[in-house]
Amino acid sequence: VTYGRWVRYLLDTCATVTEAVAAMDKVQIVDVQIMDAARSKGVSLGAHLAIEDASGDSAIFELINGSLRTYHGRSSNYTVMTNDPPLPAQLANLQRYTSFGGELPLPGDVTSE
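Heads up: these notes are all about the structure in this document. The shown structure was predicted, so the numbers you read here are calculated from the model rather than taken from an experiment.

Time to look at the nonpolar core. Counting 15 residues, the largest nonpolar core has Trp6, Leu10, Met24, Leu49, Ile51 and Phe61 as the members making the most contacts within it. Elements represented by at least two residues in this core include exactly α1 (3-13), α2 (17-24), β3 (47-52) and β4 (58-64). When residues in this core are grouped by element, the largest group, five residues, is from α2.

Quick look at the structure:
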């Protein structure tokens, strides 16, 4: 499946997040690369997709360097994603802030550097 057809494939074939996660175990997303003139080779374009169904179940798919990573589980509540860095690094970053058990204030207020 190509990047452009990925979402359409899931919408056409899956009624729930659980079905979508299972479907992605059977499908390979075609990696898209752009030419990096400085290195004379292709650079993989990443892609991210967040899905949620009517029951509240959710998952995040990340395609990084041609490899699909799936984050799914009701207890984990995967409902937010960012482009970079990948989800595990973002979740680790959250642990630095007081609202999430760390010592730093949340960034973006008048005291942030």
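A word on the side chain of aspartate 53. Positionally, aspartate 53 belongs in the loop between β3 and β4. Given the relative accessible area of 14%, aspartate 53 is considered buried. The contact partners of aspartate 53, leaving out residues within four places of it in the chain, are Ala15, Thr16 and Val17.

It is worth spelling out the side chain of aspartate 57 at this point. Along the polypeptide, aspartate 57 turns up in the loop between β3 and β4. Here aspartate 57 falls in the buried class, since its relative accessible area comes to 4%. A polar contact is formed between the side chain of aspartate 57 and the side chain of threonine 18, at a distance of 3.4 Å. Side chain to side chain, aspartate 57 and histidine 72 meet in a polar contact 3.0 Å long.

Bringing the pattern of salt bridges into the picture now. Under the definition given, this model contains one salt bridge. A salt bridge links aspartate 12 to arginine 8, with the nearest nitrogen and oxygen atoms 2.9 Å apart. Of this pair, aspartate 12 and arginine 8 are both found in helix α1, four residues apart, which corresponds to roughly one turn of the helix. Residue classification places aspartate 12 among the exposed positions, given a relative accessible area of 52%.

This paragraph deals with the pairing of strand β2 (residues 41-44). Where strand β1 (residues 33-36) and β2 come together, four bridges link them in antiparallel fashion. What sits directly across from isoleucine 34, in β2, is valine 43. Between the end of β1 and the start of β2, which pair antiparallel, lie four residues, with serine 40 showing a positive phi angle near 55°.

One way to put it is that α1 packs onto α2 with a least axis distance of 10 Å and a crossing angle of 125°. The angle between the axes of α1 and α2 places the two elements in the oblique class. In terms of crossing hand, the pair formed by α1 and α2 is right-handed. Residue-level inspection shows Trp6, Tyr9, Leu10 and Thr13 of α1 in contact with α2, the latter providing Glu19, Ala20, Ala23 and Met24. Of the residues assigned to the contact of α1 with α2, the class counts are six nonpolar, one polar and one charged.

Before going further, it helps to spend a moment on the sheet that holds β3. Pairing in this open sheet of three strands is antiparallel, and the strands run β3-β4-β5 from one edge to the other. Unpaired on one side and paired on the other, β3 and β5 (67-72) mark the two borders of the sheet. Direction aside, the axes of adjacent strands within the sheet are offset by 15° on average. Note: β3 against β4, six bridges, orientation antiparallel. Across the sheet, alanine 47 pairs through a bridge with leucine 63, a residue of β4. Here α1 sits on the sheet in contact with β3, β4 and β5, set at roughly 10° to β3.

Conventions used here
Residues numbered from 1 in each chain as written. Predicted model: local features only at pLDDT ≥ 70, side-chain atom pairs only at ≥ 80, totals over all residues. Heavy atoms only, no water. Core = buried A, V, L, I, M, F, W, Y, C linked by side-chain atoms within 4.5 Å. Buried < 20%, exposed > 50% of the residue type's maximum accessible area, 1.4 Å probe, protein only. Helix = DSSP H or I, 4+ residues; strand = E, 2+ residues; numbered from the N terminus. Contact = heavy atoms within 4.5 Å. Polar contact = N/O pair within 3.5 Å; in protein donor to acceptor, adjacent residues only side chain to side chain. Salt bridge = Lys/Arg side-chain N within 4 Å of Asp/Glu carboxyl O. Pairing = 2+ DSSP bridges. Axes fitted to C-alpha atoms, helices over the stretch in contact; angles between N-to-C directions. Parallel < 35°, antiparallel > 145°, perpendicular 65-115°, else oblique. Left-handed = near helix turned anticlockwise from the far one by under 90°. Nonpolar A, V, L, I, M, F, W, Y, C, P; charged D, E, K, R; others polar.

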